[in-house]
Amino acid sequence: MRKYLYLIILCVVFAGCKGNQQKGNTAGSNGKESVANSDGKPTVTVTIPPYKFFVDKIAGDKVDVNVMVSNGNNPETYEPYAQQMMELSKSAIYLKVGSIGFEQTWMKKLQDNAPDMKVIDTSVGIKPAKTPGGNIDPHVWMSCQNARIIASNILKALCNLEPKNKPFFEKNYLSLLKIIDKRDSTIRKGFKDHPEMVRKFVIYHPILTYFARDYQLEQLAIEEEGREPSAAQLKSLIERARKEKIKYCLIQAEFANRNTNTFINESQTKAMNINPLQGDWNWAMQEAAAAVQGKEIVVGK
């Protein structure tokens, strides 16, 4: 009796699985069957949380957004886990930053794992800027000027993905541009109102190259391309900070280490926390501007 009951349960389970698979399969634009979400929305994958901000503002509730490297993880060294690789096959498009470390290491494998997923480079049209060490900075999103281009590229990708929602996307895109313009204006006013400030700052990982370019600041980095500074290099930077009266050292939780603490203690600079990888791009920009000026800001202010 138990044996027959067991066989009946197995038949029910397999029938349910088969039904779910058939329900989840939809014909894509290429005529092939692809896995659709239960809510009928296409999935868009992004590398880091700030790009979810851009997609959410433009697409609203018309798409589901998947983030590969969540806030608090280092996108230079992060390795996706198996479940993420499996979920990736549901994505219709991948909106990549451009050439950030995670993408350089994993993009080919991600594409191999999801061959029907279209990859869009959202940095197309952005003029590259170099870090203090002479390397092209891949952190393009920390700039209002670049954010306008990123938003435009995302809009085009979403309109191609869901042409029926083009008017909706375009309306939201214009609203996003207003947010970007307002943030840009606020930051510029903040620097204009304090012409006496030392327009230089030190940061461990040079993630604010474009930000510094936009607002005529000078970014000095403790490390470059993941290479720790030598004792002589660190000493030279400490001496320069003292000589030029640089007051602030910007800290990212993902990159803070012993060299950062040594620099702060020896140069007598003040540590200012920033989080360019957080999901609220608008807040991240405000936070960076405040940190360069030595201001502590409170969420919601």
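This text follows the structure it describes.
Residues numbered from 1 in each chain as written. Predicted model: local features only at pLDDT ≥ 70, side-chain atom pairs only at ≥ 80, totals over all residues. Heavy atoms only, no water.

A.B. asks: Is there a simple way to explain the sheet that holds strand E9 (residues 248-251) in this structure?
C.D. replies: Whenever strands of a sheet pair, they do so through backbone hydrogen bonds, lying parallel or antiparallel. Taken in spatial order, the four strands make up an open sheet running E8-E7-E9-E10, and their pairing is parallel. In this open sheet, the two edge strands, each paired with only one partner strand, are strand E8 (218-221) and strand E10 (270-273). Averaged over all neighbouring strand pairs, the angle between strand axes comes to 35°, with direction disregarded. Across four bridges, the pairing between strand E7 (residues 200-203) and E8 is parallel. Its bridge partner lying in E8, lysine 200 is registered against glutamate 218. Contacts from helix H9 (residues 258-267) reach E7, E9 and E10 within the one sheet, and its direction differs from that of E9 by about 165°. Contacting E7, E9 and E10, helix H10 (residues 281-292) crosses the sheet at an angle of about 155° to E9. (Pairing = 2+ DSSP bridges. Helix = DSSP H or I, 4+ residues; strand = E, 2+ residues; numbered from the N terminus. Axes fitted to C-alpha atoms, helices over the stretch in contact; angles between N-to-C directions. Contact = heavy atoms within 4.5 Å.)

A.B. asks: Even after reading the chapter, I still don't get the packing of helix H8 (residues 231-243) against H9, so can you show me in this structure?
C.D. replies: Angle between the axes and distance between the axes are the two parameters that describe a pair of packed helices. Direction vectors running N to C along H8 and H9 enclose 35°, while the axes themselves pass 9 Å from each other. In this structure, H8 meets H9 at a crossing whose hand is right-handed. On H9, the residues touching Leu234, Leu237, Ile238, Ala241 and Arg242 of H8 are Asn259, Thr262, Phe263, Glu266 and Ser267. (Left-handed = near helix turned anticlockwise from the far one by under 90°.)

A.B. asks: Honestly, the nonpolar core in this entry has me stumped. Any pointers?
C.D. replies: Across soluble globular proteins, you tend to see nonpolar side chains buried next to one another. Residues Phe54, Trp141, Leu208, Phe211 and Leu250 are the most contacted members of the largest nonpolar core, which totals 70 residues. With nine residues, helix H5 (residues 144-161) is the single largest residue contributor to this core. Setting aside anything within four residues of it in sequence, one finds phenylalanine 211 in contact with Met142, Ile187, Phe191, Leu217, Met285, Ala288, Ala289 and Val292. Ranked by size, the runner-up nonpolar core spans 14 residues in total, among them Tyr204, Leu237, Ala241 and Ile246. (Core = buried A, V, L, I, M, F, W, Y, C linked by side-chain atoms within 4.5 Å. Buried < 20%, exposed > 50% of the residue type's maximum accessible area, 1.4 Å probe, protein only.)

A.B. asks: Just checking my understanding: could you explain the side chain of arginine 183 for this structure?
C.D. replies: Tracing the sequence through the fold places arginine 183 in helix H6 (residues 166-192). We note that arginine 183 is buried and unpaired, the nearest opposite charge coming from aspartate 280 at a distance of 7.6 Å. Every residue in contact with arginine 183, bar those within four places of it in the chain, is listed here: Cys144, Asn282, Met285 and Gln286. (Lys, Arg positive; Asp, Glu negative; His and termini not counted. Salt bridge = Lys/Arg side-chain N within 4 Å of Asp/Glu carboxyl O.)

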